Amino acid sequence: MAELRLLAWPAGHSLSPVMHTAALKELGLTHTYRAVAVPPEKLQGAVNGLRSAGVLGANVTVPHKERIMPLLDSVSDAARKVGAVNTVTNSDGRLHGDNTDVHGFLALLESAGVRLAGDGGLSVVVLGAGGAARAAVYGLAGHARLTVINRTVARAEALAAAFPQVEAVAPAASEELLEEADVLVNTTSVGMELEGRDPDESPLPPGVLPARAVVVDMVYRPERTRLLRDAATAGLPAFGGLEMLVQQGAASLRLWTGLADVPVSAMRSAARAALSGD
Ligand code: ATR
């Protein structure tokens, strides 16, 4: 029996344990997957714990995704460029970090029917400039025309400096840009069910929506955010972040087990059931 862990702080809210436990059961594996509450000052110890022979690897989430990087033996190019690790694999005590959010995001776009071409092709507008936006931009660079809009313009500019394919635009210019957009992606936390936050908020100003874009929201809790509901009311195709969560998890499971085929539909059903039972 082998162990998989999720390093998080706090550890209570994640859907990953439910999703991975369903997948492991479906695969007939006796591995366990459990969330471990790791306060920031205990991260080094928790990382060392992953080197044990019985541990296959771990997922990493808020607030450790960036800080874990220097504690690992190696990281993938994607994780380095995104600046965040969400998956760690243990091979004989050596820890390798990866970022499967990029795969999860591209799989979400594919499920939304978005067909990427070259960088002269689709115009994609990304709302937000944090770690989630970096994963989106890394996945899309070279495959679309990319514009980033963020409340704090300096952060959008920093993202554009790291990715030359990206243009940073101030929120004030968003309306005009959205007329032309083929895809709109929300990577901000606006609309997320969070303590002390209004979940009925949209990251777009009132009355502003793209003219014809596919709207994708990385937020999955709630499953239908205000942005998605507004988009659907306006007749736009609208997709939430649950598929990204499922697909990043499936990609992590492939890395840990070496299996090409993992039970994605069991993971999706388990995540959706847990979400609606919240
Ligand atoms: P993550 O790694 O999940 O992307 P993050 O780095 O904290 O998280 O980034 C959160 C994103 O949501 C940022 O783009 C943030 O905008 P700022 O850079 O201006 O902080 C955005 N965000 C969070 N709350 C917001 C709000 N109320 N209005 C607009 N943008 C918001």
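Above this text you will find the structure in question.
Below, the structure is looked at part by part. All values derive from a computational prediction rather than experimental measurement.

Some words on the overall build of the chain
Moving on, step 1. Assigned secondary structure in the chain consists of 10 helices and 12 strands.
Moving on, step 2. If you line up the chain on its principal axes, its C-alpha atoms span 55 × 40 × 40 Å.
Moving on, step 3. Across the 278 residues in the chain, those meeting the buried criterion constitute 49%.
Moving on, step 4. Counting only contacts in the chain whose residues sit at least 6 apart along the sequence, the fraction spanning at least 24 positions is 64%.
Moving on, step 5. Of the roughly 12,400 Å² that the chain leaves accessible, carbon and sulfur atoms contribute 52%.

A few points about the site of the ligand
Moving on, step 1. For the ligand, the set of nearby residues contains 13 residues, the closest of which are Ala-129, Asn-150, Arg-151, Thr-152 and Arg-155.
Moving on, step 2. A distance of 3.0 Å is found between an oxygen atom of the ligand and a backbone nitrogen or oxygen belonging to Ala-129.
Moving on, step 3. Ala-132 places a main-chain nitrogen or oxygen 3.0 Å from an oxygen atom of the ligand.
Moving on, step 4. The fraction of the free accessible surface of the ligand (640 Å²) that becomes covered by protein chains is 67%.

Observations regarding the sheet that holds strand 11 (residues 214-217)
Moving on, step 1. An order of 9-8-7-10-11-12 is seen for the six strands of this open sheet, with the pairing classed as parallel. At either margin of the open sheet sits one strand with a lone partner, and together these are strand 9 (166-169) and strand 12 (238-239).
Moving on, step 2. Here strand 7 (residues 123-127) runs beside strand 8 (residues 145-149); their pairing, made up of five bridges, is parallel. Across the sheet, Val-125 pairs through a bridge with Thr-147, a residue of strand 8.

A closer look at the sheet that holds strand 3 (residues 55-60)
Moving on, step 1. Sheet architecture is open: six strands sit in the order 2-1-3-5-6-4, paired in mixed fashion. At either end of the open sheet lies a strand with only one pairing partner, and these are strand 2 (32-37) and strand 4 (74-75).
Moving on, step 2. Contacts from helix 1 (residues 16-27) reach strand 1 (3-8), strand 2 and strand 3 within the one sheet, and its direction differs from that of strand 2 by about 165 degrees.

Quick notes on the packing of helix 1 against helix 9 (residues 242-257)
Between two packed helices, what matters for the description is the angle formed by their axes and the separation of those axes.
Moving on, step 1. Packing of helix 1 against helix 9 brings their axes to within 11 Å, and their N-to-C directions diverge by 50 degrees. Of the possible angle classes, the one that applies to helix 1 and helix 9 is oblique. Handedness of the helix 1/helix 9 crossing: right-handed. Side by side, helix 1 and helix 9 meet where Ser-16, Met-19, His-20, Ala-23, Leu-24 and Leu-27 of the first sit next to Leu-245, Val-246, Gln-248, Gly-249, Leu-253 and Trp-256 of the second.

Quick word on the packing of aromatic side chains
Moving on, step 1. Using the criterion set out here, one finds one aromatic pair in the structure.
Moving on, step 2. A ring pair is formed by Tyr-33 and Trp-256, whose centres lie 6.1 Å apart and whose planes are at 55 degrees; its orientation type is tilted. Placement of Tyr-33 in strand 2 and of Trp-256 in helix 9 is noted, with a sequence separation of 223 residues between them. Across this residue pair, the class does not change: Tyr-33 and Trp-256 are buried.
Moving on, step 3. The side chain of Lys-81 reaches across the aromatic face of Phe-163, ending 4.2 Å from its centre.

Quick look at the side chain of Thr-100
Moving on, step 1. Mapped onto the fold, Thr-100 is located in the loop between strand 6 (94-98) and helix 4 (101-111).
Moving on, step 2. Not counting the four nearest positions on each side in its chain, Thr-100 is found in contact with Asn-86, Thr-87, Gln-248, Ala-251, Ser-252 and Leu-255.

Quick look at the environment of Pro-40
Moving on, step 1. By the secondary structure assignment, Pro-40 is in the loop between strand 2 and helix 2 (43-49).
Moving on, step 2. Taking relative accessible area as the criterion, Pro-40 reaches 29% and is therefore assigned partly exposed.
Moving on, step 3. Here the alpha-carbon distance between Pro-40 and His-64, two residues 24 residues apart in the chain, equals 7.2 Å.
Moving on, step 4. In contact with Pro-40, other than residues within four places in its own chain, are Trp-9, Pro-63, His-64 and Arg-67.

Parameters at a glance
- Residues numbered from 1 in each chain as written.
- Predicted model: local features only at pLDDT ≥ 70, side-chain atom pairs only at ≥ 80, totals over all residues.
- Heavy atoms only, no water.
- Helix = DSSP H or I, 4+ residues; strand = E, 2+ residues; numbered from the N terminus.
- Buried < 20%, exposed > 50% of the residue type's maximum accessible area, 1.4 Å probe, protein only.
- Contact = heavy atoms within 4.5 Å.
- Areas by Shrake-Rupley, 256 points an atom, 1.4 Å probe, with all protein chains shown as cover.
- Near = heavy atom within 4 Å.
- Polar contact = N/O pair within 3.5 Å; in protein donor to acceptor, adjacent residues only side chain to side chain.
- Pairing = 2+ DSSP bridges.
- Axes fitted to C-alpha atoms, helices over the stretch in contact; angles between N-to-C directions.
- Parallel < 35°, antiparallel > 145°, perpendicular 65-115°, else oblique.
- Left-handed = near helix turned anticlockwise from the far one by under 90°.
- Phe/Tyr/Trp six-rings, centres within 6.5 Å; stacked < 30°, edge-to-face > 60°.
- Lys NZ or Arg CZ within 6 Å of the ring centre and 35° of its normal.

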